[in-house]
Amino acid sequence: MENATHVNWDEKILPFELRISDSRGRIVRLDQTVNDILAQHNYPKQVESLISEMVVITALLGSMIEPRWKLSLQVQTDGPVRMIATDYFAPSDTDKTASIRAYASYDATRITDGKPFDQLGKGYFAVLVDQGQGTKPYQALSPLAGSSIAEAAEAYFAASEQIATKLVVEHGETYMKGVGTQWRAAGMLLQHLPKSLKSEGGNPDSEKELREHALRKDEDWNRVNILLKTVESLELLGPYVSPPELVWRLFNEEEPAVYDARTVKFGCTCSEERVRQSLSIYGVKDIEKMTTEDGKVTADCQFCSRHFELDPATVGLEAK
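Residues numbered from 1 in each chain as written. Predicted model: local features only at pLDDT ≥ 70, side-chain atom pairs only at ≥ 80, totals over all residues. Heavy atoms only, no water.

*Asks:* When you look at the confidence of the model for the protein chain in this model, what are you seeing that I'm missing?
*Replies:* When pLDDT drops low, the exact placement of atoms in the prediction is not to be read closely. Per-residue pLDDT for the protein chain averages 86, and the proportion of residues at 70 or more is 89%. Here residues 1–6 is a poorly scored stretch, pLDDT under 50, and it has 10 contacts once near neighbours within four places are set aside; other chains count. Overall, residues 208–215 carries pLDDT values under 50, and its contacts beyond four positions in sequence, including any with other chains, amount to nine contacts. (pLDDT = per-residue confidence, 0-100. Contact = heavy atoms within 4.5 Å.)

In structure tokens:
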């Protein structure tokens, strides 16, 4: 195995499998991606922390969707941070790098000195998967539970997908000589996907078999969770332990297998064409109401802060 000091694992997602315990997982490390996302707005530190956590979770979950699909996560609350939204665009056939974008809506007057999660009130955690044109997006949500966004995501999987899921997320500001202060974020996901009794040659009609099978599943899941709890913050964040080495250190008795790493970066899909499309449903009177004193129709992308200025005569139903 190549030494970790010779491998740049930032902006990478590593899929892996634990054969003994019928579990699958992901490890992600994000540096430039998170900093590029946060650089689009001047967020308070508590909001930056929440966005960093949400971006890590989005990368971990997004890496499991099919090519060309889009995964969107949202947290909406009645607290100081009203909403956090993220999008993960799976790689296309030509571009092998996935892209992520994120933004938060918040009331600066209500932000406190409390913990980042304290800035969220009552609300929900939502998941939307868009498979592309001609398909109906899948959408589900669950109450915002637990004491972190990661725990809220775990609760979503337990309630909506009935999949045992564990997430560990580490993030924070670090100082590097010659670079300055930057955010680093990383995380690991584990999901238990046990085989059925039939596939194992068992008798699904036997109550004893069912009890033993359920007990074995619980033991497998409890065991890998105990191992996962031993992971240290610096091991996740790097750079001294590579993700493959970390999988082996944690789960070497579970017959681990790692697969090709995937690359991710910050990316936004906004464009003038998309703005025009969104305005194409409005008539002349509506467009007049949107027109500024300078005679322009303007729009700003919430994700990347890109600013658009359009001629009113060229947008809307009666566009020339």
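*Asks:* I keep staring at the pairing of strand E5 (residues 97–106) and nothing clicks. Help me out?
*Replies:* Each regular strand shows side chains that alternate between the opposite faces of the sheet. With seven of 10 residues buried, E5 is to be regarded as a mostly interior element. Relative to E5, strand E4 (residues 81–89) runs antiparallel, the two being bridged by eight bridges. Residue pairing for E5: Ile84 is matched across the bridge by Ala104. Of the strand pairs in this sheet, E5 and strand E11 (residues 262–266) are connected by four bridges, and their pairing is parallel. Within E11, the position partnered with Ala98 by the bridge is Val264. (Buried < 20%, exposed > 50% of the residue type's maximum accessible area, 1.4 Å probe, protein only. Helix = DSSP H or I, 4+ residues; strand = E, 2+ residues; numbered from the N terminus. Pairing = 2+ DSSP bridges.)

*Asks:* For this particular structure, what's the right way to read the side chain of Glu235?
*Replies:* Tracing the backbone through its elements, the reader meets Glu235 in helix H5 (residues 233–237). Judged by relative accessible area, Glu235 falls into the buried class, the value being 10%. A polar contact is formed between the side chain of Glu235 and the backbone nitrogen of Glu232, at a distance of 2.9 Å. Discounting residues that sit within four places of it in the chain, Glu235 has contacts with Arg29, Thr230, Val241, Leu246 and Arg249. (Polar contact = N/O pair within 3.5 Å; in protein donor to acceptor, adjacent residues only side chain to side chain.)

*Asks:* Just checking my understanding: could you explain the pairing of strand E6 (residues 123–130) for this structure?
*Replies:* Inspection of the sheet shows strand E3 (residues 70–77) paired to E6 by eight bridges, in the antiparallel sense. Its bridge partner being in E6, Val75 is matched across the sheet by Phe125.

*Asks:* Explanation requested: the nonpolar core in the structure shown.
*Replies:* For soluble globular proteins, the rule of thumb is that nonpolar side chains tend to be buried together. Ile51, Ile57, Ile84, Tyr88, Leu120, Phe125 and Ile149 are the most contacted members of the largest nonpolar core, which totals 65 residues. With residues up to four places along the chain from it excluded, the contact list for Ile149 reads Leu50, Glu53, Met54, Ile57, Val75, Ile84, Phe117, Leu120 and Phe125. Within the second largest apolar cluster, 19 residues are counted, among which are Val168, Ala186, Trp221 and Leu246. (Core = buried A, V, L, I, M, F, W, Y, C linked by side-chain atoms within 4.5 Å.)

*Asks:* Just to check I follow, could you spell out the packing of aromatic side chains for this structure?
*Replies:* The description of two aromatic rings rests on the distance between their centres and on the angle between their planes. Summed over all chains, the structure comprises five aromatic pairs. Ring geometry for Tyr43 and Tyr106: centres 6.1 Å apart, planes at 55°, overall tilted. Of this pair, Tyr43 sits in the loop between helix H1 (32–38) and helix H2 (45–62) while Tyr106 is found in strand E5, placing the two residues 63 residues apart along the sequence. A relative accessible area of 6% means that Tyr43 is categorised as buried. Look at Tyr106 and you get partly exposed, because its relative accessible area is 24%. For the ring pair Tyr156 and Phe157, a centre distance of 5.2 Å and an interplane angle of 75° mean the geometry is edge-to-face. An aromatic cluster of three or more residues is present, and its members are Phe125, Tyr156 and Phe157. Taking the ring centre of Phe303 as reference, the NZ or CZ of Arg101 above it sits at 4.0 Å. (Phe/Tyr/Trp six-rings, centres within 6.5 Å; stacked < 30°, edge-to-face > 60°. Lys NZ or Arg CZ within 6 Å of the ring centre and 35° of its normal.)

*Asks:* What should I look at first to understand the environment of Pro91 in this one?
*Replies:* Looking at the secondary structure, you find Pro91 in the loop between E4 and E5. Owing to a relative accessible area of 21%, Pro91 belongs among the partly exposed residues under this scheme. For the pair Pro91 and Glu66, spaced 25 residues apart in the sequence, the C-alpha separation amounts to 8.6 Å. Residue contacts for Pro91: discarding those within four places in its chain leaves Pro67, Arg68, Lys96, Thr97 and Ala98.

*Asks:* Please clarify how the packing of H2 against helix H3 (residues 149–161) should be interpreted in this entry.
*Replies:* Describing two packed helices takes the angle between their axes plus the distance from one axis to the other. It is at 9 Å that the axes of H2 and H3 come closest, and there the two elements cross at 35°. From H2, Leu50, Glu53, Met54, Ile57 and Leu61 reach across to H3, where they touch Ile149, Ala150, Ala153 and Phe157. When its residues are assigned to classes, the contact of H2 with H3 shows eight nonpolar, no polar and one charged. (Axes fitted to C-alpha atoms, helices over the stretch in contact; angles between N-to-C directions. Nonpolar A, V, L, I, M, F, W, Y, C, P; charged D, E, K, R; others polar.)

*Asks:* So what exactly am I meant to see when it comes to unusual backbone geometry here?
*Replies:* Backbone phi values are negative for most residues with the exception of glycine, while trans is the configuration of most peptide bonds. Positive phi values are uncommon outside glycine, yet Gln162 reaches one of about 55°. Position of Gln162 among the secondary structure elements: in the loop between H3 and strand E8 (164–176). One non-glycine residue, Ser305, lies in the positive phi region at around 65°. Mapping Ser305 onto the fold places it in the loop between strand E12 (297–300) and strand E13 (307–310). Owing to a relative accessible area of 35%, Ser305 belongs among the partly exposed residues under this scheme.

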